[in-house]
Amino acid sequence: MSILQTDLKFLKGVGETRAKLLASEMGLHSVRDLLYTAPIRYIDRSRFYSISELREDMPAVQVKGRFVRFSMEGEGAKRRYVGVFSDGRSLMQVTWFRSLKYIVDKFVPGKEYVLMCKPNFYKGIYSFIHPEIEPFDPDKPPAGLQGVYSLPDTLRRRNFSPRFLTGLVSQIFERGAVISETLPAEILAMHNLMPLGTALRVIHQPKDMASVTKARERLKFEELFYLQLHILRYAVRRNNSIRGQIFGTVGRHFNDFYTSHLPFPLTGAQKRVIREIRRDMRTGLQMNRLLQGDVGSGKTMVAFLCMLIAVDNDCQACLMAPTEILATQHYDTISAWGAAIGLNVRLLTGSTRASARKEIDAGLTSGDIDILIGTHAVIEDRVQFHNLGMVVIDEQHRFGVAQRARLWQKNSIAPHVLVMTATPIPRTLAMTVYGDLKVSVIDELPPGRKPVTTLLRYEESRFQVYRALHAELLKGRQAYIVYPLISENEKSDLKSLEEGYEAIREKFPSFKVCFVHGRMKPSEKEREMRRFVSGEARILVATTVIEVGVNVPNASVMIIENAERFGLSQLHQLRGRVGRGADQSYCILMSKQNIAALTRKRLNVMTETTDGFVVSEADMRMRGPGDMEGTQQSGIAFNLQYANLASDGQILQLARNVAASVLLGNPQISGLAPEQLALDDIGAHPLPLSLGSLNILASELKTRFSGQHDWSRIS
Ligand code: ADP
Ligand code: MG
């Protein structure tokens, strides 16, 4: 057995009680857990600093010398114990605020000590506050860098010191433990990676920072490699075992619509994406594709044309949208397009009347209905299809994985699945969270669109903002004014929304204003939205209810109040509501003047670019991948210890490529013969795979992260 599996309780100085605490408070059970826990920072034990060298921005450093005297100073809460310390040339202070009883008399003047602390500069003199102190031992060899471990307060209170972990780690290495390698030798050699044993040792007891970087690289690679191997292997298996409808022909409906009824020529990107989808639908395997396209890029037409292919192959198609408004809007568009070629398109939502529902149920089971459009209502058990061949899910991040899976369980042969999203996902995130889906990107807007002009304005310019808004309204345009309502229960938010609504009605008495927020009844909301969509109301005052997908091409102004309180991707989504027609549109970010630097940076990203991918990359850099939309919803609790998806893109790409070549070269790992592996586009594209598999993947990953990285466990 490798030392890595050894229970921590068997180490000297641990025992049952402490082992239990390490497990419950830090999740450390085995030697492996401990060795994979990297220090949070390093302190330089390679030399002693002189007091005259100290600078305030230094990390913790060592100073050697003697105490000159001690005194108790201050009264009550300000009481402190102060030592004057000399390195032989200059003086500094050492101060204790806590545990005074224990400190007094612990150290004696004249004796030689080594202090270790981060320098603090106060009132013209350097001081160490609660430094680590040990008697100077001339026989002790100079150490290199020393790791500092983070230790939860709960353990500090139980008399654990950060040095305790340092001691355990040294004990493991002193035993001469053999750490078995977890990556194949060829991979280590080919990519110049440190062996695991070396990397772990360096992480804990480095000579210099350069080797720490190298060791971290190796651990990051290992982590990402196994992650990608799991994703890709799963994708391959899935790809080879789920039968899909074969849509061999493009028939009457598609051709009729395409040649005689297309309302506009398709963009090059739309055509390319349709070709990519067509290719998937012919293979006999279930398609699982993510269609990314910025707001307004024309995803609906792509979805419609693909649904026509399903219909041409004697199948039904279904489109699911996250809100009633969106479903209705899709229905209006698609039933109009469908009417031209004699399609039976129906709408099913929570507010569909019982009599209509009966009719829809019957039409679906008989096959009379070609296309069903709806909300969550379409995934209810009572909804049964004659032969469902294609499922389109709009704005995927609103749906859970499980909900999606229910849709495609509605047929004995899995329907093809197209997930559409306007939230661009950074490439590194897509490679992991959606690493098992094929991705198509519409990277071109329909011709004639002008990029939305985005401006950041402060309260003092409100008058000018309203004047500009007025000018747009006079031109016949419509406008959105959005307020943050972070929590629908937040009273103060609701109040500012209501006040905003009243103020706007007063300022613009000659224009109709409508009002929507999340706490309204769905029917009221619907009514107000319709007033805006129809053009009757010219200004919509709302919370982020409108975020997803409403299409009002005549709207040319988006004013976002308290923009500093919105996240980047949300701002981008909101901005996408305007700029849908041919006119110049404006997005005005209203903000307090007094905002944090990072907030200003975030808002500046918006004013500088309209490219959703640039926005999402910036968002990930600023917030970290864990907070990105999609990560949480995907159900994968990414438990990356070393790698950071925001900054380790290069290592990630390498890990993915190596994992793919391992799968190609060692098919026994995936349990399939090489000719069965449809790996043509690994690397260039993520692989097709069911969405539901993400959950299984998540549990697989959990095992992987808690277990040992053992090569033999991969199959
Ligand atoms: P999204 O990708 O945000 O769902 P939509 O499908 O709603 O975008 O399309 C936005 C608008 O652009 C719609 O009014 C649609 O009819 C129009 N549109 C889509 N494709 C084209 C095109 N190729 N040429 C011109 N207009 C288009
Ligand atoms: Mg849309």
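Residues numbered from 1 in each chain as written. Chains lettered and ligands numbered in written order. Predicted model: local features only at pLDDT ≥ 70, side-chain atom pairs only at ≥ 80, totals over all residues. Heavy atoms only, no water.

## Focus on the overall build of the chain
Consideration 1: Within the chain one finds 23 helices and 22 strands.
Consideration 2: Classification of the 715 residues of the chain by burial places 55% in the buried group.
Consideration 3: For the chain, the computed accessible surface area is about 31,700 Å², with 51% contributed by carbon and sulfur atoms. (Helix = DSSP H or I, 4+ residues; strand = E, 2+ residues; numbered from the N terminus. Buried < 20%, exposed > 50% of the residue type's maximum accessible area, 1.4 Å probe, protein only. Areas by Shrake-Rupley, 256 points an atom, 1.4 Å probe, with all protein chains shown as cover.)

## Points about the site of ligand 1
Consideration 1: Taken together, 16 residues are adjacent to ligand 1, and Gln-270, Gly-296, Lys-299, Thr-300 and Arg-449 come closest.
Consideration 2: With respect to ligand 1, the backbone of Gly-296 contributes an N or O atom lying 2.6 Å from an oxygen atom.
Consideration 3: Within the contact set of ligand 1, an oxygen atom lies 3.3 Å away from a side-chain nitrogen or oxygen of Arg-580.
Consideration 4: When the free accessible area of ligand 1 is taken as 560 Å², the share hidden by the protein chains comes to 81%.
Consideration 5: One can see that ligand 1 is located within the second largest pocket.
Consideration 6: Across the shell around ligand 1, the residue classes tally to five nonpolar, seven polar and four charged. (Near = heavy atom within 4 Å. Polar contact = N/O pair within 3.5 Å; in protein donor to acceptor, adjacent residues only side chain to side chain. 1 Å grid on protein atoms, 1.4 Å probe; cavity = no way out; pocket = protein on both sides within 12 Å on 5 of 7 lines; lining within 4 Å. Sits in = over half its atoms within 2 Å of the grid points. Nonpolar A, V, L, I, M, F, W, Y, C, P; charged D, E, K, R; others polar.)

## A closer look at helix 20 (residues 597–608)
Consideration 1: Given a rise of 1.5 Å per residue, twelve residues ought to cover 16 Å, and the 16 Å separating the end C-alpha atoms of helix 20 matches this to within 8%.
Consideration 2: What helix 20 keeps buried is the set Thr-599, Arg-602, Leu-603, Val-605 and Met-606. In an axial view of helix 20, the angular spread of the buried residues amounts to 140°, which keeps them on one side of the axis. Looking at helix 20, the residues exposed on the side facing more than 90 degrees away from the buried face are Ala-597, Lys-601 and Glu-608. (Expected span 1.5 Å × (residues − 1). Arc of directions from axis to C-beta.)

## A closer look at the confidence of the model for the chain
Consideration 1: Looking at the chain as a whole, the pLDDT averages 82, with 83% of positions reaching at least 70.
Consideration 2: Confidence, expressed as mean pLDDT per element, reaches its minimum in the chain at helix 23 (residues 693–706) with 37 and its maximum at strand 12 (residues 345–348) with 97.
Consideration 3: A low-confidence stretch, residues 627–637 (pLDDT under 50), is modelled with 31 contacts involving residues beyond four sequence positions or located in other chains.
Consideration 4: This stretch, residues 669–715, has a pLDDT under 50; its non-local contacts, to residues over four places away or in other chains, come to 137 contacts. (pLDDT = per-residue confidence, 0-100. Contact = heavy atoms within 4.5 Å.)

## Digging into the packing of aromatic side chains
Consideration 1: Counting across every chain of the model gives 21 aromatic pairs.
Consideration 2: Where Trp-96 meets Phe-107, the ring centres are 5.9 Å apart and the plane angle is 20°; that geometry is what we call stacked. With Trp-96 in strand 4 (residues 91–96) and Phe-107 in the loop between helix 3 (100–103) and strand 5 (112–117), this pair connects stretches of sequence that are eleven residues apart.
Consideration 3: Ring geometry for Phe-221 and Phe-225: centres 5.7 Å apart, planes at 10°, overall stacked. (Phe/Tyr/Trp six-rings, centres within 6.5 Å; stacked < 30°, edge-to-face > 60°.)

## What about unusual backbone geometry?
Consideration 1: In this structure, Asn-159 takes a positive phi of about 70° despite not being glycine.
Consideration 2: Along the chain, Asn-159 turns up in the loop between helix 4 (153–157) and helix 5 (162–174).
Consideration 3: At Asn-192, a position not held by glycine, the phi torsion is positive, near 55°.
Consideration 4: Overall, the relative accessible area of 53% leaves Asn-192 in the exposed class.

## Some details on the packing of helix 19 (residues 568–575) against helix 20
Consideration 1: The geometry of helix 19 relative to helix 20 is characterised by a closest axis approach of 10 Å and an angle of 30° between their N-to-C directions. It follows from the interaxial angle that helix 19 and helix 20 lie roughly parallel. The handedness of the crossing between helix 19 and helix 20 is right-handed. Residues Leu-568, Leu-571, His-572 and Arg-575 of helix 19 form the contact with helix 20, whose participating residues are Arg-602, Leu-603, Val-605 and Met-606.
Consideration 2: Partitioning the contact of helix 19 with helix 20 into residue classes produces five nonpolar, one polar and two charged. (Axes fitted to C-alpha atoms, helices over the stretch in contact; angles between N-to-C directions. Parallel < 35°, antiparallel > 145°, perpendicular 65-115°, else oblique. Left-handed = near helix turned anticlockwise from the far one by under 90°.)

## A short note on the sheet that holds strand 12
Consideration 1: Across the sheet, which stays open at both edges, the seven strands sit in the order 12-13-11-14-15-10-16 with parallel pairing between neighbours. Across the chains shown, the open sheet's two edge strands, defined by having one partner strand only, are strand 12 and strand 16 (438–442). Each adjacent strand pair in this sheet contributes to an overall mean axis angle of 20°, direction not counted.
Consideration 2: Taken together, the four bridges between strand 12 and strand 13 (residues 371–374) define a ladder with parallel strand orientation. Considered in strand 13, the bridge of Arg-346 is made with Leu-372.
Consideration 3: Packed onto the sheet, helix 10 (residues 268–281) meets strand 10 (288–293), strand 14 (388–394), strand 15 (416–421) and strand 16 and runs at close to 160° relative to strand 16. (Pairing = 2+ DSSP bridges.)

## Considerations on the sheet that holds strand 6 (residues 120–122)
Consideration 1: Reading across the sheet, the seven strands line up as 6-7-4-3-2-5-8 and stay open at both edges, with mixed pairing between neighbours. Looking along the sheet, the strands with just one partner apiece sit at the ends: strand 6 and strand 8 (132–135). Across the sheet, the axes of successive neighbouring strands diverge by a mean angle of 45°, strand direction being ignored.

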